[in-house]
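Okay, here's what each chain looks like letter by letter:
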Amino acid sequence: MTMASEVHLKIDGIAVTVPTGTLLVEAAKQAQKHIPVYCYHEKLGPAGLCRVCLVEVEGMPKLQIGCNTVATEGMVVHTQNAKVDDGRRAILEFLLLNHPLDCPICDKGGECDLQDYVMAYGQDSSRVIDGKESKPKAVDLGPTIVLDEERCIVCQRCVRFDELITHERSLVVKDRGAHDIIATATDQPYVSQFSGNVTELCPVGALTSKTYRFLSRKWDNHRAVGSCAQCSVGCGINVDVRQGAITRTMSIPEDVTSDGWLCDRGRYVISFGDDQRRLRTPLYRHREQLVQVTWDDAIGLWAQALQASASPQRVAALGGGRLMNAEILQLQALFRSFGTPHLDWRVGRSQQAGAGRATASLAELDRAQAIIVVGVPPSQSAPVLDLAIRKAVFRHKAQLISVGPFGAGSSVPQQRAARIDEVAGLLPDGTERIVFVWDGIDPQLGREIANLRTQWSTHGRSAGVLVATTLSNAWGAEALGMHPSFGPGYQPLASSGLDTAGIFAAGRAGELDVLSFHGANPVLTWHDASIVREALARIPFVVATDLFLTQTSELATLVLPVASAFERNGTMTNLFGQARPIEAGLPVPDGALSDSEVLVALAQALKIALPDAASLTSLEERALEAARIAPLDCGAEQLAGRRLAPDRPGLQLALAANVFAGGGTTAHDTRIEALRPLPTATLEPATAQRLGFVAGTLVDLHAGAASVKNLTLRLDASLAPDTIALVADLPQAPANLLFGSEPLRLEATRVLEEVAA
Amino acid sequence: MSNQAISTLEPVPDFAVLAAGLQDEFRALIAQYEDSRSALLPIIHRFQEAEGYVSPQAMQVSAELLNLPLAVVESTVSFYTLFFRKPVGKYMLQVCRNLSCALNGAEEIMAQFRERLGVGHLETTDDGLFSYEEVECLAACDKAPCMQVNLDFVYHLTPDLVDALLAGIRNGTYTDTPPLPQRAKPERSWHVAQDTGKKAAGALGVSNPNAPGGIGDASGRAALQRIVDDTAVGARTHERLVREGQAGTLHPGKDAHERH
């Protein structure tokens, strides 16, 4: 007997047809009937724990749970009748037995499923005469989450999220019956890059975000619906604003790009806009001091400096990876119209942002038989992409191979390869669908990926590529013309300008008059800090548009305060090549302008005509379309044959990424103190033993005359041997001071007492 | 009182020695199952047999052996009343307080244990011989009221049987179940507090539900006393207790007396 692919059933008298295997709770949606659920969740599946989804199925003596009963042919289901109502009322009374009913002080009030369902299906009074179970009300689960054990109804959505989605399994239920609680292992805090999602999954007010506790009511929030601008994934987000401040960001469950999840950076780095240190007026360097000037004066000074330059060849502009697509187009149009060819978006370690027509789709990643993570893994730079990888690995049994000094996330089983050419040997026969996830840092690796793809294509293997970085609009900047050799849409230019390295070299040689940074902080992020500082010291007029005085903007001649991504509308191009909408939740603060307004003002002062809004839109569309069919290595052309770092004898330096590093927004968000990475140096245990270091030692790392001090030594078995890993872009320990070929020297300054004892 | 049971105990070896000695046994256990996680319960049982309780190190080693997060091991161990997460007496007395046993006189049995031992729920006697716990259904409803002594069943409990059992253990004539090993004298309470040590102080009413006399201590004398003392339900409960001839042992509250 073959199984029919569809079954027909009646729900509250409405005939529905659903695929075989559909659960009643899903089938009811087709009949537009609502079945209340707590433990059931579309992405977590049924658990059968809460019993609130009771329905009557004719022919079955007892009420059945809608979340775990499969629709069968001819079934007659009632989601609303006296028997069902009675059952639900009893379940809700049971769930409220020990519930504190502290809705007036509960953050979930107004958006709580328990509150809503008790109003809809429950009874208005309690029959309980005994005291309620008393449990801890504010358990500090970890750096981000507080647990109210009394409110918890033990639906285990959080536990199942931790098991089925992140595969980290640090949340569990402890004890039993009325005493059971959500907990971590003894003395271990709940630490996860995705911890905030449990607060959204929680159907009651048990799990709350520390950043949102007692801050706002749902109905006091105004909501902007857009995308996150904090890494290259561009997850859909809801931005909730109350009285001119962002109270929280929440995921969009239907969003395909993020699969409805957010990482903790996207969720918690929201308060920097209100920081006291936010720039509110243009600053101009006068007698070594930065003094406040008006916008008119600031734009005038900039225009004057540009016009005073002997030649547009002595002008350069860097950045754009954090601007909107339209702003990037304006930026490159302005400087190209002015006559300068020296434009580049590459101000950090990323050297290539797009993968052109080789770009894998999310569906291809999901269906891949093998995923090859090359370089800095997305778990460090674009966390939600790592969730998609975990899904492919755990649910669809994709094989994960990581190439480079770091593993691809510790909770995921993987094979390790030191070099790309080892990868082919690790792939089993019959592996046809492959996706590379590359950090875009080492052009040499990019070329090897391209070669492997070409080689494989003749063997029937297809390999897509995704370039994952923390820079939100890197591909937009590259594809829309912030590139020394290409205009928008990778249109080759008649003659190439200088790339970032060339611009800094020219600056150091005294060959530049004006250099502007547009949302860039290369003193902290460029792989060699010293050349940037030397160049800035020699260039007479340096402009920086930024939200704060960063390591770079504090050295500028002119600092222009601009709007953050929460304060302006536009689009950004994510790593899948999609233009993601960014919606302003807040107005541009007084005293600041958006980058677009700054560029328009400068263009006016220079009497340069910029494209209007309509032509920017069509130009953006055409350029991104061209970007999606461009060759894989288009963005890397300039770098062919160049090595990023000179060879270094002995211990090798590996730079890890961290989504909470950086000198801008994350450094100026006082509410994420606990999430910011500490300055650490990581060694593989055997290497540490050979060098004679133990975990917890305070060390200084020297290369020649440069050094990074006060690093706490950690051991990590997943790191490659003979390698020392530092977190890049960390203001208090800038790893880019150590660039060069001089051997690394590790020096212990102090052994932490608790470790030594 | 004879301390024969105590003097015949062998010392528990150091944990590292113990774990090393059990490695082969564990490997064989793990090999029996398709999914290595299935070996968790037998391994934990084996540790408890050897140490007298499930120590934090035992949970850590089990987690490493089976490649499970420690949280998962702790979750499993905390679910079962047959695992003791703190050092306990040499005889663990677990009396059922659930429905069938309660209907068959478990309340009286529990009251008797508490009185004879001088301890309450989740406590150990001062001599370290007995630990006492009132547990949920032990799945022997047909032989209610029932209990377990070191996880071995004793059925059809009566007050006389309780006295005979305690006397037998004290004078060394009770041989049905061997004593648990014991490294050192256990503390009086073996209740495992919820892990809120490093966590923020609660806003309101943080209490320990499992503590003797706490709200979770629902079965024993304290709970009955609460019901009897409650003016709202006291009358009805007292009536029943008088009918069943138990009222005298429970010292009903003053109000309840006066109403009758």
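## Some points on the overall build of chain B
For chain B, the helix and strand inventory stands at 12 helices and five strands. Burial statistics for chain B: of 260 residues in total, 47% are counted as buried. Across chain B, contacts joining residues at least 24 apart in sequence account for 68% of those joining residues at least 6 apart. Working note: accessible area of chain B is about 12,500 Å², and carbon and sulfur atoms make up 53% of it.

## A look at the overall build of chain A
Regarding its fold elements, chain A presents 21 helices and 35 strands. Over its C-alpha atoms, taken along the principal directions, chain A stretches across nearly 90 × 60 × 60 Å. Here chain A holds 757 residues, and the buried ones make up 59% of them. Long-range contacts, defined as pairs at least 24 residues apart, comprise 71% of the intrachain contacts of chain A with a sequence gap of at least 6.

## Details of a nonpolar patch on the surface
A contiguous nonpolar surface patch, about 260 Å² in accessible area, is contributed by Phe94(A), Leu97(A) and Val128(A). Residue placement: Phe94(A) occurs in helix 2 (residues 82-95).

## Some points on helix 17 (residues 529-538) of chain A
Residue and element names in this part refer to chain A. For helix 17, every residue scored as buried is listed here: Ala529, Ile531, Val532, Ala535 and Leu536. Considered in projection along helix 17, the buried side chains sweep an arc of 165° and stay on one side of the axis. On its buried face, helix 17 sits against helix 15 (500-508), strand 25 (514-518), helix 16 (522-525) and strand 26 (541-546).

## Observations regarding the sheet that holds strand 4 (residues 64-65) of chain A
Residues and elements named next belong to chain A. The strand order across the open sheet formed by five strands is 2-1-5-3-4, and the pairing between neighbours is mixed. Edge strands, defined here as strands with exactly one partner in the open sheet, are strand 2 (14-19) and strand 4. Relative to strand 5 (residues 76-78), strand 1 (residues 6-11) runs parallel, the two sharing two bridges. Note on strand 5: the bridge partner recorded for Lys10 is Val76. Those strands touched by helix 2 are strand 3 (54-57) and strand 5, and its axis lies near 155° from that of strand 3.

## Comments concerning the packing of helix 2 (residues 15-31) of chain B against helix 4 (residues 56-66) of chain B
Residue and element names in this part refer to chain B. Two elements in contact, helix 2 and helix 4, have axes whose closest approach is 11 Å; the angle formed by their N-to-C orientations is 35°. By crossing handedness, the relation of helix 2 to helix 4 is classed as right-handed. For the pair formed by helix 2 and helix 4, the contact residues are Phe15, Gln23, Phe26 and Ile30 on the first element and Gln57, Ala58, Val61, Leu65 and Leu66 on the second. Of the residues that constitute the contact of helix 2 with helix 4, the class distribution is seven nonpolar, two polar and no charged.

## A short note on the packing of aromatic side chains
Residue and element names in this part refer to chain A. All told, the structure shown has 15 aromatic pairs over all chains when counted by the stated rule. Look at Phe436 and Trp456: their rings are 5.8 Å apart centre to centre, the planes differ by 15°, and that puts the pair in the stacked class. With a gap of 20 residues between them, Phe436 in strand 21 (residues 433-438) and Trp456 in helix 13 (residues 443-457) connect regions that are remote in the sequence. Phe436 sits in the buried class, given a relative accessible area of 0%. Consider the rings of Phe504 and Trp526, whose centres lie 5.8 Å apart with planes at 65°: the pair is edge-to-face. A residue pair is termed long-range when its members are at least 10 positions apart, and Phe504 in helix 15 and Trp526 in the loop between helix 16 and helix 17 qualify at 22 residues. Grouped by ring-pair contacts, the aromatic residues Tyr38, Tyr117 and Tyr121 constitute a single cluster.

## Notes on helix 2 of chain B
With 17 residues, helix 2 of chain B ought to run about 24 Å at 1.5 Å a step, and its terminal C-alpha atoms sit 23 Å apart, in line with that. When the local axis directions of helix 2 of chain B are compared, the greatest deviation, roughly 45°, occurs at Gln23(B).

## Focus on the sheet that holds strand 12 (residues 236-242) of chain A
Strand pairing in a sheet takes place through backbone hydrogen bonds and is either antiparallel or parallel in direction. All names here are of chain A. Ordered by their spatial adjacency, three strands build an open sheet running 11-12-13, and the pairing between neighbours is antiparallel. Two strands in the sheet have a free side with no partner beyond their single neighbour: strand 11 (222-227) and strand 13 (245-251). When strand polarity is set aside, the average angle formed by the axes of neighbouring strands in this sheet is 25°. Here strand 11 runs beside strand 12; their pairing, made up of six bridges, is antiparallel. Within the sheet, the bridge partner assigned to Arg223 lies in strand 12 and is Asp240.

## Quick look at the nonpolar core
One finds Leu9(A), Tyr38(A), Trp302(A), Ile371(A) and Leu385(A) to be the most contacted residues of the largest nonpolar core, which totals 156 residues. Ignoring sequence-local partners within four residues, the contact set of Ile371(A) consists of Leu365(A), Ile389(A), Ala392(A), Ala398(A), Gln399(A), Leu400(A), Ile401(A), Val435(A) and Val437(A). Among the nonpolar cores identified, the runner-up in size contains 28 residues, and Phe130(B), Val135(B), Ala144(B) and Tyr174(B) belong to it.

## What about the environment of Pro46(A)?
All names here are of chain A. In this fold, Pro46 is placed in the loop between helix 1 (24-30) and strand 3. Judged by relative accessible area, Pro46 falls into the partly exposed class, the value being 32%. For the pair formed by Pro46 and Leu653, sequence separation is 607 residues and the distance between their alpha carbons is 47 Å. Those residues within four positions of Pro46 in sequence are excluded, and the remaining contacts are Leu23, Tyr40, Cys67, Asn68 and Arg160.

## A closer look at the pairing of strand 18 (residues 370-374) of chain A
Residue and element names in this part refer to chain A. A large share of strand 18 lies buried, amounting to five of its five residues. Of the two faces of strand 18, both are covered, the one formed by Ala370, Ile372 and Val374 as well as the one formed by Ile371 and Val373. Here strand 18 pairs with strand 19 (residues 399-403) via five bridges, running parallel. When the sheet's bridge partners are listed, Ala370 is paired in strand 19 with Gln399. Where strand 18 and strand 21 come together, five bridges link them in parallel fashion. Counted as the bridge partner of Ile371 is Val435 from strand 21.

## So, the pairing of strand 15 (residues 289-292) of chain A
Residue and element names in this part refer to chain A. Looking at chain direction, strand 14 (residues 283-286) and strand 15 are connected through four bridges and run antiparallel. Across the sheet, Leu283 pairs through a bridge with Gln292, a residue of strand 15. Linkage of strand 14 to strand 15, two consecutive antiparallel strands, is achieved through a turn of two residues, within which Arg287 is found at a positive phi near 50°.

## Digging into the packing of helix 8 (residues 325-338) of chain A against helix 19 (residues 613-628) of chain A
Residue and element names in this part refer to chain A. Contact geometry for helix 8 and helix 19: axes closest at 10 Å, N-to-C directions at 95°. Classified by the interaxial angle, the pair formed by helix 8 and helix 19 is roughly perpendicular. Facing Asn325, Ala326, Leu329 and Gln330 of helix 8, the residues of helix 19 in contact are Leu616, Leu619, Glu620 and Leu624. For the contact of helix 8 with helix 19, the residue count by class is five nonpolar, two polar and one charged.

Calculation criteria
- Residues numbered from 1 in each chain as written.
- Chains lettered and ligands numbered in written order.
- Predicted model: local features only at pLDDT ≥ 70, side-chain atom pairs only at ≥ 80, totals over all residues.
- Heavy atoms only, no water.
- Helix = DSSP H or I, 4+ residues; strand = E, 2+ residues; numbered from the N terminus.
- Buried < 20%, exposed > 50% of the residue type's maximum accessible area, 1.4 Å probe, protein only.
- Contact = heavy atoms within 4.5 Å.
- Areas by Shrake-Rupley, 256 points an atom, 1.4 Å probe, with all protein chains shown as cover.
- Patch = residues over 30% accessible without salt bridge, like charges linked within 9 Å, V, L, I, M, F, W, Y side chains within 5 Å.
- Salt bridge = Lys/Arg side-chain N within 4 Å of Asp/Glu carboxyl O.
- Arc of directions from axis to C-beta.
- Pairing = 2+ DSSP bridges.
- Axes fitted to C-alpha atoms, helices over the stretch in contact; angles between N-to-C directions.
- Left-handed = near helix turned anticlockwise from the far one by under 90°.
- Nonpolar A, V, L, I, M, F, W, Y, C, P; charged D, E, K, R; others polar.
- Phe/Tyr/Trp six-rings, centres within 6.5 Å; stacked < 30°, edge-to-face > 60°.
- Expected span 1.5 Å × (residues − 1).
- Bend = angle between axes of the 7 residues up to and from the residue.
- Core = buried A, V, L, I, M, F, W, Y, C linked by side-chain atoms within 4.5 Å.
- Parallel < 35°, antiparallel > 145°, perpendicular 65-115°, else oblique.

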